[in-house]
Amino acid sequence: MMQVANNSYLAGLLEGRPFADRGDALNRLRAGAVERVGVLSLPSTRDEDWRFTDLAPLTKMCFQPYRGVPAIVESDIARYSIAESAQRLVFVDGVYAPQLSSPLNGGIVVSSLAAALPAHAAAIVADLGRRALFDNNAFTALNTAFLNDGALVLLPRNAALDTPVHLLFVATRKEAAAHPRCLVLAGAGSRATVIEEYVALTEDAYLTNAVGEFVLADDAQLTHVRVQRESRQAFHIGHSAVALAHGSRYHGIHAGFGARLSRFNLDVVQNAEGAECEIGGLAIIDGSQLADTHSSIDHARAHGVSRQQHKCIVGGSARAVFNGRIVVRQGAQLTNSAQSSRNLLLSERARVDTKPQLEIFADDVKCAHGATVGQLDADEVFYLKSRGLSESVARSLLTYAFGAEILHAIPVASLRDRLEKMLLAQTERA
Amino acid sequence: MSSILQNLVNKPYEHGFVTDIESDTAAKGLSEATIRMISAKKNEPAWLLEFRLKAYAHWLTMTPPAWANVHYPPVDFQAISYYSAPKPKKKLASMDEVDPELLKTFEKLGVPMNERAKLAGVAVDVIFDSVSVATTYKAKLAEVGIIFCSISEAVHEHPELIQKYLGSVVPVGDNFYAALNSAVFTDGSFCFIPKGVKCPMDLSTYFRINTESSGQFERTLIIAEDGASVSYLEGCTAPKFDSNQLHAAVVELVALDNADIKYSTVQNWYAGDENGVGGIYNFVTKRGLCKGVNSRISWTQVETGSAITWKYPSCVLRGENSVGEFYSVALTNHHQQADTGTKMIHIGKNTRSKIVSKGISAGVSSNSYRGLVRIAPTAAGARNYSQCDSMLIGDKCSANTFPYIDVRNPGAQVEHEASTSKIGEDQLFYFAQRGIGAEEAVSMIINGFCKDVFQQLPMEFAVEATKLLGVKLEGSVG
């Protein structure tokens, strides 16, 4: 009975999707995804991957995709602009807003996916939908079923983008369902910084179901800053899939502040030897928020390096979930992997579920993981108080420092400052 | 790894699989009638039959757990005979009749002479009067008021205790195998330490004559009253032969105020041959309840046998300031699969728990640590420290860790650490420089790796366990 209800909810979310009207290259991908949505059911807490995150609040509401023209102007989003960034793509409720965007169309392409598709079909089709797999992920399948536009960053061989690319996804409508999509193709030896940011101009409930694919060719280097600042009523489901080739390096900083319920899946696959990834994650939540991060780092080949640090600051009756899976495949010798999950509980009703998980099939590897859950160290608070700070200032300073360690790695000064201020404001409120 | 090491392991299990149970055996299959038959045969009171039937009703509604990281063909529960009255095994006349290979193993393990005879099934009175020893021990225990007997005996002699505590820690419907055990258990041990008594000796299954063949559905219940303390040893390092493939035991521990229970296990059941054929499925539910304030339960296990191990000795820390500990060494070789770990459920204030788990995998085996640390909202000031280390020997085995941490109280402090390592060429080289051969070096390194756990074992067990790991890894270090 439950199953039927779930499936009809998923089917309801499929309504309003684009149809095969243009004979474009994405028809097959979409058709496959639609079929998959029909087979999959909405995950429940009986699924191991979702056991701590109950989607019941989501299913109590209806969300419809918005297909009109974006109705906001520059001044509405001025406060989100990043001074260092020369290229920006803006999507409003999932719809590309050309009047707010500054694309680039030379050797390096920063453009809406639909606009770039005719010229770069081969490159796009080769990777789109092939990294963020949707066989067992109903939300990724749903996003793919809606796929007709998105943000594209295409870096040719040895291209270096010195200024960060800003991909801004703005939510403005109550009960809208947006399915944003990013595709970053970094050619061999290329270098770039991409900021993927989700913001809201409304306080209402809506659904963001975002998927991003980041494909790094040999020796490419990508810094990916993902900022989730949805409204406090929103539902945010995100999935980033990263594929790393020989000698490539992915540096991810993923910060989540908003949403009533957020779920972020990060899949990193090291497909060739010598790939490296460094990932910092931060979730700061309070009230009745729930932030769930599931990451998977797959060392499929030898000589891979991964370093991951995930931090949660949990106040109110909020709940943070972290599941960090690290796989070292057979033959992936000399892998060096370190993971830590650190969690700060600020209130009596806050809750953390963390599971750092190692699966190792090779013997000559170095893998370590650690997890801590606790409150601020009494000695540290005392130290600051002995220097004349009040109890509350001392606590908020320490909480801030706990989170700032992650944000500090953001290489874009104005964004870093802005997020650190948000962090400070949030810790003071707590 | 080097070729010297390659040659060191992969020695076959030397003693084959002995089937020597001849007994009054029930027809295969499980139904309500089977359970009534077991209960009638054992002349049980009505409340116990009810307990069994309730468990059976639960079991019927359940499905075997599929979440563990182990793979095996489905067990046909109707193909098992659930009752077999143990008959004395055929006794050998003297040590000379014992399989020399078995004696060699005893030699390697350093099992004391008198115990070797008993373990080998030699009629003990010829060499060693175990009956008188056991009687002496029993008298000594009875003097201080300790009850230590088989659970069937306890059902008749001390029904009030059994009725009060049986199923109080592991409820009949707890999990699939616990429900099955509750429905069909035939025997096991019962131990009761009265108020204020410190058990004068380690209670060991060695010297228990009454439950020699406690069967595949063993049930153990240990109760330590206020201020009592006991150390209980289960199993032994010598290889154990058994014809039953499925073992589903349940162990329940209850510690009241200020009580202290230490439970040590060394398990070396038949693990199947090097191609993974045969071997015992060891699906065990072990749980201790720290019911009273300042109580303490400590689990120590050395798991080296069984084709499949599915075992999570747990502590429910209900009493304020109670302490739970778990020390484990799990070694898998060839095609063995182990999914083992612990659960620490913190309910009372200022409860503390410590987990030290060492996994060693060799051959093509799979070794998983799966643990849960849960801090309930009531457990202010709770503290947990977990350490899970894995060592891989060879590149075809796997080591996994699945630590679940669920914290609902901000005053709690939870730490988890895990690492994976291997025996390095440079370490072996260092030993070689000092004239120590590869085999001995590996044994020393492994024992160093497991030191934290072995220190928790009673001394003679620790000595044997150290050697046991060496024996188990013979020929597999590569």
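The structure under discussion appears in the preceding block.
All of these numbers come straight from a predicted model, not from anything done at the bench. (Residues numbered from 1 in each chain as written. Chains lettered and ligands numbered in written order. Predicted model: local features only at pLDDT ≥ 70, side-chain atom pairs only at ≥ 80, totals over all residues. Heavy atoms only, no water.)

A. Main features of the interface of chain A and chain B. Taken residue by residue, the interface counts 34 residues in chain A and 31 residues in chain B. Buried surface at the junction of chain A and chain B, both sides included, amounts to about 2700 Å², of which 48% is carbon and sulfur. Taken together, chain A and chain B are joined by two salt bridges. In this structure, D406 of chain B and R351 of chain A form a salt bridge, with 3.0 Å as the shortest nitrogen-oxygen distance. Linking chain A with chain B are 15 residue pairs in polar contact (both at pLDDT 80 or more). Residue assignment for the side of chain A that touches chain B shows that the elements contributing at least two residues are β20 (351-360) and β21 (366-374) of chain A. A total of 10 residues in the side of chain A that touches chain B trace back to one element, the largest contributor, which is β20 of chain A. A class-by-class count of the residues in the side of chain A that touches chain B yields 14 nonpolar, 10 polar and 10 charged. In this structure, β20 of chain A lies alongside strand β22 (residues 398-407) of chain B, joined through six bridges in antiparallel fashion. Paired with D353 of chain A across the strands is D406 of chain B, a residue of β22 of chain B. (Contact = heavy atoms within 4.5 Å. Buried area = accessible area lost by both parts, 1.4 Å probe. Salt bridge = Lys/Arg side-chain N within 4 Å of Asp/Glu carboxyl O. Polar contact = N/O pair within 3.5 Å; in protein donor to acceptor, adjacent residues only side chain to side chain. Helix = DSSP H or I, 4+ residues; strand = E, 2+ residues; numbered from the N terminus. Nonpolar A, V, L, I, M, F, W, Y, C, P; charged D, E, K, R; others polar. Pairing = 2+ DSSP bridges.)

B. Spatial organisation of helix α8 (residues 391-407) of chain A. With 17 residues, α8 of chain A should cover 24 Å at 1.5 Å per step; its first-to-last C-alpha distance of 24 Å lies within 8% of that length. Within the span of α8 of chain A, buried status applies to A394, S396, L398, T399, Y400, F402, G403, A404, I406 and L407 of chain A. (Expected span 1.5 Å × (residues − 1). Buried < 20%, exposed > 50% of the residue type's maximum accessible area, 1.4 Å probe, protein only.)

C. Up close: the nonpolar core. Among the nonpolar cores identified, the biggest contains 96 residues, and Y250 and V314 of chain A together with L203 of chain B are the most heavily contacted of them. Broken down by element, this core gets its largest block of residues, four residues, from strand β15 (residues 276-285) of chain A. Beyond its immediate sequence surroundings of up to four residues, L203 of chain B is in contact with L141, F148, C191, V230, S231, Y232 and L233 of chain B. Among the nonpolar cores identified, the runner-up in size contains 57 residues, and Y56, Y82, I345 and Y404 of chain B belong to it. (Core = buried A, V, L, I, M, F, W, Y, C linked by side-chain atoms within 4.5 Å.)

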